[in-house]
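# Summary of structural features
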Amino acid sequence: MTLAPAPRAHTSTHLSTDHDFPGDSVPNTITAARDIRPAAPSAGVLTPLGLTESRLADTGFWGLRARVNADATLTHCLDWQERAGWLANFDAVAAGEDGATRNGREFSDSEAYKLLEAYCWENATHPSDELEAVIRSLTARIAAAQASDGYLNTNFDRPGGAARYTDLEWGHELYNYGHLLQAAVARIRTHGDDDELVTLARRVADHVCDTFGDDGIRSVCGHPEIEVGLMEFARATGEERYGEQARLFIERRGHGVLADIEWGRSYYQDDIPVREATVLRGHAVRALYLAASVVDLAVETDDAELLAIAETQWENTVARRTYVTGGMGSHHQDEAFGDDFVLPSDRAYCESCAGIASVMFSWRLLLATGKARYADLIERTLFNIVATAPSEDGRSFFYSNTLHRRSPGAATDPDVQSKRADSSQRAAWFDVSCCPNNLARTFASLGGYLATADASGVQIHQFADAVIDVPLEAGRLVVELATRYPDDGEIALTVRSAPGAAATIAVRVPEWAAGATLEVDGVASPVEPGYASVTRDFAEGDVIVLRLPLDVRIVRADARIDAVNGQVAVERGPLVYALESVDLPAGAHVDDVVVDPNSVPRIEGDVIVLDGALETAADGHWPYGSDVGAAERVPLAVPLVPYHRWAERGPATMRIWLRTA
């Protein structure tokens, strides 16, 4: 549709709404000075921006969390890795010691690499001598442990220990390399390739190609990750052999090259070839890392069929095997996807790392296709998994993110390393601490997921206080984003610098935002979910305002999800809400609460209140688990808090899907 003429006579303004961003896959030619991007595909409908082109402010929902990550989480993770002895493992290898006193699990090396990546991204946006010193110190300790042929591991190939690559099912050697390569990518793009970290990573990548190439070991790692690491390292270095090795790993998987295990080969996606799978299955993080690398391979080889396969897997997984929070993985024992529509709330695993891997998968599909649904899932996952996992102070974390907590659990000791992935309270550290370090690198690079560009202009996918600075052919387009989202649905985009020709600013309208409007030159027009685009000769000071309705939504699950049949969940904007027992009368349990789904929700600050009732025994006391037949219902105003806030006030019971009967 065409809006009323702008005040400047020479300017024409056109507003349009597309469900998906239109465009063909083209070579990505828009790059930052150092290409500071976590993922940089060589082609796609959309081009990702570097962290200095898409600059997250230190304010707002995401900016504040990114600062907590920088100020608290990075040091917290570093201190705990020292305390747990995981970094000392590298020192022991360098000293020639045997592995008898090695600390941590077989994959603990990867935690140092994830943390290194986080420090590299943080040093790009907030450079300091202190950050640089940590990067150099960690790199030196890791490099000292590397073998002369490039092999690097603190668990295998040590005096008296197991030989290298003798346990590809569980050993995680290649998995560790994948995270090392991603750390090296961050270093190349933020510092340059004349660096010790990049040198040791090249030696690792060359070693992998020599060892697992066509003439080498024809197998794969039990935990996919090397594939996505090799693909991105190939992009960063220009070495095609690294991408070719990733292709070999991807094409080998699914042909039974790994040993069968109690959970079956589907656990590590070795049951069905990638091109034959129609849905993600097995261990959720493994499946999602592999899926991200499949998109990388499809893009770099211009394989439209393979990209379509990845899209089908995403669509079926989201429709049948994904929780309302965006969480993935309903099995505790194997941290895995369940069958279609098997999504029990109280057994939801929804590992924090799976949420991060889901964002990686969806981001790559968004860049490749321009389809809004991928940005929609990223938003849901960021607000309800990634934002939920860390505590407000950034020093404790959820490993798993349940949707229903039946027992309060116990408060965790901040000085004790947790033995298990409990979901009752966030813990300072775990025996398996993949999630804290994964969260650290994600928050440190979060600005890179806000916006993209193409030859015509900029596309805004996520809403945060930020400055988007895009180098177009006709000049720079600089747009400042200001918003109180998700507390408020208004997102203001102010042009701070305009190119010398017409450009397009496109902004995502979330799928839930029916009734949204876009205001240009003081005139508001309705826009549909998808992307609303404004094309004009912009001038400094021009303002576009997207207004998203933040009405409360009462939602029901697909009827095939038996676990939550007859229950409702509450959403507002991108947020899912939860009921916590700390907001109920003393002694009450969340399972004793019944809500009226037809009541009119009331918004009180960031709390949503529904009419409902509390089941109690005839004497006014309700011991949870007693005979329901003796219960009475006492009217109750039921307060719900954003899910990302749950468990901040001590042990509690909690549920997202609420009883209606």
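Here, every reference points to the structure presented above.
First things first, this report covers the structure right here in the doc. (Residues numbered from 1 in each chain as written. Predicted model: local features only at pLDDT ≥ 70, side-chain atom pairs only at ≥ 80, totals over all residues. Heavy atoms only, no water.)

### A look at the overall build of the protein
From N to C terminus, the protein includes 13 helices and 25 strands. Since a compact globule built from 661 residues should have a radius of gyration of about 26 Å, the 25 Å found for the protein is in line with a globular shape. Based on the C-alpha atoms only, the size of the protein along its principal axes is roughly 75 × 70 × 50 Å. A buried classification covers 63% of the 661 residues belonging to the protein. Put simply, of all contacts in the protein between residues at least 6 apart along the chain, 67% involve residues at least 24 apart. If you sum the accessible surface of the protein, you get close to 23,200 Å²; carbon and sulfur atoms cover 49% of it. Here the protein contributes 58 positive and 98 negative side-chain charges, whose respective centroids are spaced 1 Å apart. (Helix = DSSP H or I, 4+ residues; strand = E, 2+ residues; numbered from the N terminus. Rg over C-alpha atoms; globule rule 2.2 N^0.38 Å. Buried < 20%, exposed > 50% of the residue type's maximum accessible area, 1.4 Å probe, protein only. Contact = heavy atoms within 4.5 Å. Areas by Shrake-Rupley, 256 points an atom, 1.4 Å probe, with all protein chains shown as cover. Lys, Arg positive; Asp, Glu negative; His and termini not counted. Charge placed at Lys NZ, Arg CZ, Asp CG, Glu CD.)

### Focus on the pattern of salt bridges
The full count for this structure, using the stated rule, is 60 salt bridges. Across the pair R235 and D296 runs a salt bridge whose closest N-O atoms are separated by 3.0 Å. With R235 in helix α7 (residues 226-237) and D296 in helix α9 (residues 284-300), this residue pair connects regions lying 61 residues apart in the sequence. Note on accessibility: R235 and D296 belong to one class, buried. Two residues, D583 and R649, come together in a salt bridge whose shortest N-O distance is 2.8 Å. Within this pair, whereas D583 is found in the loop between β19 (575-580) and β20 (593-595), its partner R649 is found in the loop between β23 (631-642) and β24 (654-655), the two being separated by 66 residues in sequence. Given a relative accessible area of 26%, D583 falls into the partly exposed group. With relative accessibility at 40%, the residue R649 sits in the partly exposed group. One network of salt bridges, with partners in common, ties together D35, R37, R189, E232, R235, D296, E300 and R364. (Salt bridge = Lys/Arg side-chain N within 4 Å of Asp/Glu carboxyl O.)

### A word on the sheet that holds strand β13 (residues 517-520)
Spatial ordering of the open sheet is given by β5-β9-β10-β11-β16-β13-β14, a layout of 7 strands whose pairing is antiparallel. Strand pairing shows two members of the sheet lacking a second neighbour, β5 (54-56) and β14 (523-526), which therefore form its edges. Averaged over all adjacent pairs, the angle separating strand axes in this sheet is 20°, with direction ignored. (Pairing = 2+ DSSP bridges. Axes fitted to C-alpha atoms, helices over the stretch in contact; angles between N-to-C directions.)

### Description of the packing of helix α10 (residues 304-320) against helix α12 (residues 372-386)
The description of two helices packed together rests on the angle between their axes and the distance between the axes. It is at 12 Å that the axes of α10 and α12 come closest, and there the two elements cross at 45°. The orientation of α10 relative to α12 falls into the category oblique. Between α10 and α12 lies a crossing whose hand is left-handed. Across the interface between the two elements, E311, W314, E315 and V318 of α10 pack against R373, Y374 and L377 of α12. The residue makeup of the contact of α10 with α12, split by class, is 4 nonpolar, no polar and 3 charged. (Parallel < 35°, antiparallel > 145°, perpendicular 65-115°, else oblique. Left-handed = near helix turned anticlockwise from the far one by under 90°. Nonpolar A, V, L, I, M, F, W, Y, C, P; charged D, E, K, R; others polar.)

### Quick look at the nonpolar core
Side chains that are nonpolar tend, in soluble globular proteins, to be buried together. Core analysis: the largest hydrophobic core is formed by 193 residues, its most contacted members being W62, L174 and L548. Here this core gets 13 residues from one element, more than from any other, and that element is α9. Contacts of L548, omitting those with residues within four sequence positions, involve F463, Y485, G489, I491, V509, P510, W512, A513 and A516. Y323, L343, W646 and M654 belong to the second-largest nonpolar core, a separate cluster that totals 20 residues. (Core = buried A, V, L, I, M, F, W, Y, C linked by side-chain atoms within 4.5 Å.)

### Remarks on the environment of G457
Relative to the helices and strands, G457 is located in strand β8 (residues 457-460). With 46 residues separating them in the primary sequence, G457 and A503 have C-alpha atoms 5.2 Å apart. When near neighbours in sequence (up to four residues on either side) are disregarded, G457 contacts T452, V470, L472 and T504.

### Structural notes on the packing of aromatic side chains
Per the counting criterion, the structure on display carries 23 aromatic pairs. Ring centres of W80 and W429 lie 6.0 Å apart, and the angle between their planes is 10°; this geometry places the pair in the stacked category. In this pair, W80 sits in helix α1 (residues 60-83) while W429 sits in the loop between β6 (404-405) and α13 (434-444), placing the two residues 349 residues apart along the sequence. Considered together, W80 and W429 belong to a single accessibility category, that of buried residues. On the basis of an interplanar angle of 55° and a centroid distance of 6.0 Å, the ring pair of F90 and Y113 is categorised as tilted. Taken together, the positions of F90 in helix α2 (residues 88-94) and Y113 in helix α3 (residues 109-125) put the pair 23 residues apart, joining distant regions of the chain. For the pair F90 and Y113, one class covers both residues: buried. Aromatic ring contacts, followed pair by pair, group F61, W62, F383, F443, F463 and Y485 into a single cluster. Sitting over the face of the ring of F61, R65 holds its NZ or CZ atom 3.6 Å from the ring centroid. Across the ring face of W80, the terminal group of R83 is positioned such that the distance to the ring centre comes to 4.2 Å. (Phe/Tyr/Trp six-rings, centres within 6.5 Å; stacked < 30°, edge-to-face > 60°. Lys NZ or Arg CZ within 6 Å of the ring centre and 35° of its normal.)

### A short note on the sheet that holds strand β4 (residues 47-48)
By way of backbone hydrogen bonds, the strands of a sheet pair with one another, either parallel or antiparallel. Taken in spatial order, the 6 strands of this open sheet run β1-β15-β12-β8-β7-β4, and their pairing is mixed. Each edge of the open sheet carries a strand with a single partner, namely β1 (14-18) and β4. With 5 bridges joining them, β1 and strand β15 (residues 530-536) adopt antiparallel strand pairing. What sits directly across from H14, in β15, is T535. Its contacts with the sheet put α12 on β12 (503-509) and β15, and the angle it makes with β12 is roughly 55°.

### Observations concerning the pairing of strand β11 (residues 490-497)
Strand direction decides the pairing type here: strand β10 (residues 475-483) and β11, joined by 6 bridges, are antiparallel. Across the sheet, the residue bridging to L481 is L493, located in β11. Connecting the antiparallel pair β10 and β11 is a turn made up of 6 residues. As paired elements, β11 and strand β16 (residues 543-547) share 5 bridges and run antiparallel to each other. Bridge assignment links E490 to a residue of β16, and that residue is R547.

### Section: the side chain of T154
Within the element layout of this structure, T154 appears in the loop between α4 (129-143) and α5 (173-190). For T154, a relative accessible area of 0% corresponds to the buried category. Setting aside residues no more than four positions away along its own chain, T154 makes contact with N89, F90, V93, R102 and D109.

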